[in-house]
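# Architecture at a glance
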Amino acid sequence: MNRLGIAGSGAIACGLARAAAGSHEVILWARSDGSKDRACARVEDAATVVTELAQLAGCPVVVEAISEDVETKRSLYGQLAEVLDGDAILATTTSSLSVAELAEASGRPDRFGALHVFNPVDRMKLVELSFPASASDDTKARLHELCEELDKTAVEVPDAAGFVVNKLLFPYLFDAVRLLERDGLAPEAIDTCMKLGAGHPMGPLGLLDFVGLDVAAAIGESIGAEVPDRVRELIAEGKLGRKAGQGFYEYEKR
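Thresholds, definitions, all that
- Residues numbered from 1 in each chain as written.
- Predicted model: local features only at pLDDT ≥ 70, side-chain atom pairs only at ≥ 80, totals over all residues.
- Heavy atoms only, no water.
- Pairing = 2+ DSSP bridges.
- Helix = DSSP H or I, 4+ residues; strand = E, 2+ residues; numbered from the N terminus.
- Right-handed = clockwise from strand over helix to strand, strands pointing away.
- Axes fitted to C-alpha atoms, helices over the stretch in contact; angles between N-to-C directions.
- Core = buried A, V, L, I, M, F, W, Y, C linked by side-chain atoms within 4.5 Å.
- Buried < 20%, exposed > 50% of the residue type's maximum accessible area, 1.4 Å probe, protein only.
- Contact = heavy atoms within 4.5 Å.
- Expected span 1.5 Å × (residues − 1).
- Arc of directions from axis to C-beta.
- Polar contact = N/O pair within 3.5 Å; in protein donor to acceptor, adjacent residues only side chain to side chain.

### Comments concerning the pairing of strand S1 (residues 2–7)
- One ladder, built from 6 bridges, connects S1 with strand S2 (residues 24–29); its direction is parallel. Bridging across to S2, Ala7 finds its partner in Trp29.
- Following the backbone out of S1, through helix H1 (residues 11–20) and into the adjacent parallel S2, one traces a crossover that is right-handed.
- In this structure, S1 lies alongside strand S4 (residues 61–64), joined through 4 bridges in parallel fashion. Bridging across to S4, Ile6 finds its partner in Val63.

Pasting the structure below:
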């Protein structure tokens, strides 16, 4: 089986590990012992979870899935450069940062691309692939091939903040919040209308909670979409959505 390295231990990283387990030997790197324990609980037997980046050596493809911050990614890329083979391909799950800028930061701009998977990775079929102008034909072909191995549908999109899905989705989600603010509708009413009237699997407010309001605000800022006051108020109160137990809805903490 192919060997796939994943740098990161959050929901996207662990979801990707589970999705890849049927076709790849997966090595997932976690930053700390605490992160490793949480990742082990999430991936179960789908991946080998490690805390030393050197254990990703020998992986022909490594997917970086850490926080959406250029400097944090730049620091990790510098560490990966010391352990990865020179011909290894590095991919990022970013959906909002410049792929060209990250490619330069990686030190291997010809062996770099964005592989934007969607949460929950196990069930969502789409992958938005984006490449810098410097990417080689081999890199593009290998990442397209990886998507096929993951049983995903890849769509190649331009290197523009938000790519396609988030650029169209988040203005709609934020409009739903403004509708709630303006008309005093309950979150359940708006979400039920969009689920039953538009055939959406989740309503916009429930989806914001699922994504995380802090993450949603960061994406909104990156694509130039005005973030509603209500979203910022909830963030200030620590009500970040499902992961925090409260957002537009209340949830049982896991």
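Still to come is the rest of the account.
### What about the sheet that holds strand S5 (residues 89–92)?
- Read from one edge of the open sheet, 8 strands run S3-S2-S1-S4-S5-S6-S7-S8, paired in mixed fashion. Each edge of the sheet is formed by a strand with only one pairing partner; in this case those strands are strand S3 (48–50) and strand S8 (153–156). Sheet twist, expressed as the average angle between the axes of neighbouring strands with direction ignored, equals 25 degrees.
- Note: strand S7 (residues 126–130) against S8, 4 bridges, orientation parallel. Each bridged residue has a counterpart across the sheet, and for Leu129 the counterpart in S8 is Glu156.

### Things to note about the nonpolar core
- Ile6, Leu28, Val43, Leu115 and Leu143 are the most contacted members of the largest nonpolar core, which has 32 residues in total.
- Broken down by element, this core gets its largest block of residues, 6 residues, from H1.
- Setting aside residues up to four positions removed in sequence, Leu28 forms contacts with Ile6, Gly8, Ser9, Ala13, Cys14, Ala17, Ala39, Val43, Ala47, Thr48, Val49 and Val50.
- By size, the runner-up hydrophobic cluster in this structure holds 25 residues, among which are Leu56, Val62, Tyr77 and Leu84.

### Brief notes about unusual backbone geometry
- The omega torsion across Asn119 and Pro120 is 0 degrees, close enough to zero to call that bond cis.
- Looking at the element boundaries, Pro120 is found in the loop between strand S6 (112–117) and S7.
- Within the chain, Phe163 stands out as a residue other than glycine whose phi angle is a positive 50 degrees.
- Looking at where Phe163 falls in the secondary structure, it is placed in the loop between S8 and helix H6 (165–183).
- For Phe163, a relative accessible area of 5% translates into the label buried.

### Structural notes on the side chain of Asn166
- Topologically, Asn166 is positioned in helix H6.
- Classification of Asn166 by relative accessible area gives buried; the value is 6%.
- Setting aside chain neighbours within four positions, we find Asn166 in contact with Ser95, His116, Pro171, Ile219 and Ile223.

### A look at helix H3 (residues 70–81)
- Counted at 1.5 Å a residue, the expected span for H3 with its 12 residues is 16 Å, and the 16 Å between its end C-alpha atoms agrees.
- Along H3, the residues that are buried comprise Val70, Lys73, Leu76, Tyr77 and Leu80. Burial along H3 is one-sided: seen end-on, the buried residues are contained in an arc of 130 degrees.
- Elements in contact with the buried residues of H3: S1, S2, S4, S5, helix H4 (99–106) and S6.
- Capping of H3 at its N-terminal end is provided by Asp69; its side-chain oxygen lies 3.3 Å from the backbone amide nitrogen of Glu71.

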